[in-house]
Amino acid sequence: MKTDQIQIRVRYGETDQMGVVYHGNYALYLEMGRIEWLRKLGISYKIMEENGIMLPVVSMCLNYKKSAGYDDVINVKTQLKNRPTAKIEFDYEITNEKGEILTTASTILVFIDMKTKRPVKAPKYILDLLAK
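Cut-offs and rules
- Going along each chain's sequence as written, the residues are numbered from 1 onward.
- For a predicted model such as this one, the threshold for reporting local features is a pLDDT of at least 70, and the threshold for listing and counting side-chain atom pairs is 80 or more; totals across whole chains, interfaces and linings nevertheless cover every residue.
- Based on all heavy atoms of the structure, the side-chain values leave hydrogens and waters out of the count.
- Think of a salt bridge as a Lys or Arg side-chain nitrogen and an Asp or Glu carboxyl oxygen that are within 4 Å of each other.
- Each helix is a run of H or I in the DSSP string that is no shorter than four residues. Each strand is a run of E no shorter than two, and both are numbered from the N terminus.
- Each residue's exposure class comes from its accessible area (1.4 Å probe, protein chains only) as a fraction of the maximum for that residue type: buried when under 20%, exposed when over 50%, partly exposed otherwise.
- Contacts: residue pairs with any heavy atoms within 4.5 Å of one another.
- When DSSP finds at least two bridges between two strands, those strands are taken to pair.
- The axes used here are C-alpha line fits, helices contributing only the stretch in contact, and every angle between their N-to-C directions lies in the interval 0 to 180 degrees.

A. How the structure looks around the pattern of salt bridges. For the structure shown, the criterion picks out seven salt bridges. Taking the shortest distance from any N to any O, the salt bridge between Asp71 and Arg9 comes out at 3.4 Å. You can see Asp71 sitting in the loop between strand 3 (57-64) and strand 4 (73-80) and its partner Arg9 sitting in strand 1 (residues 3-9), a full 62 residues away along the chain. When its relative accessible area of 37% is taken as the criterion, Asp71 is described as partly exposed. In this structure, Arg11 engages Glu14 in a salt bridge whose closest nitrogen and oxygen atoms are separated by 2.5 Å.

Structure below.
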């Protein structure tokens with residue numbers, strides 16, 4: 001399925017007293033990867049919400065292999081796992097500059113109608129962009 005990759009330089013504030021990235025910050029890295037994946041596909045999260053659809057995370061799994069530290073450049077590879085239905089699933093791989101795997105992860109998000117607060121099918125325009 002479709003894959004994208006971004007680079008992030010770890011900021012000092014993202015590290016803990018041991019000088020490594022605090023584990024909770026990896027969720028932000030996944031979000032950054034996912035938002036850029038959508039943007040490069042031609043989907044604006046902001047416009048999607050303006051059109052009444054939100055996409056909350058309902059499941060997140062992270063497996064930490066090695067640490068990243070301050071000023072490291074990390075690569076976040078984001079890959080669509082399946083064709084979206086009422087949910088959209090992504091797999092991630094975070095590596096360092098040497099190509100070593102630091103973290104693997106997966107998320108599941110659900111398309112929600114903002115008025116009814118109920119799940120809905122993936123918008124047609126998203127499915128059309130994926131079909132290209």
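Continuing now.
B. Looking closely at the environment of Thr78. Of note, Thr78 is situated in strand 4. Leaving out residues up to four positions away in the same chain, Thr78 has contacts with Lys2, Thr3, Asp4, Gly33, Arg34, Trp37, Phe90, Asp91 and Tyr92.

C. Broad picture of the sheet that holds strand 5 (residues 87-95). An order of 1-4-5-6-3 is seen for the five strands of this open sheet, with the pairing classed as antiparallel. Since the sheet does not close on itself, it has two edges, and those belong to strand 1 and strand 3, each with one partner. Strand-to-strand, the axes of this sheet are offset by a mean angle of 20°, without reference to chain direction. Sheet topology places strand 5 next to strand 6 (residues 101-110); nine bridges connect them, and they run antiparallel. Bridge pairing links Thr95 to Ile101 in strand 6. Contacting strand 1, strand 3, strand 4, strand 5 and strand 6, helix 1 (residues 25-41) runs over the sheet at an angle of about 135° to strand 1.

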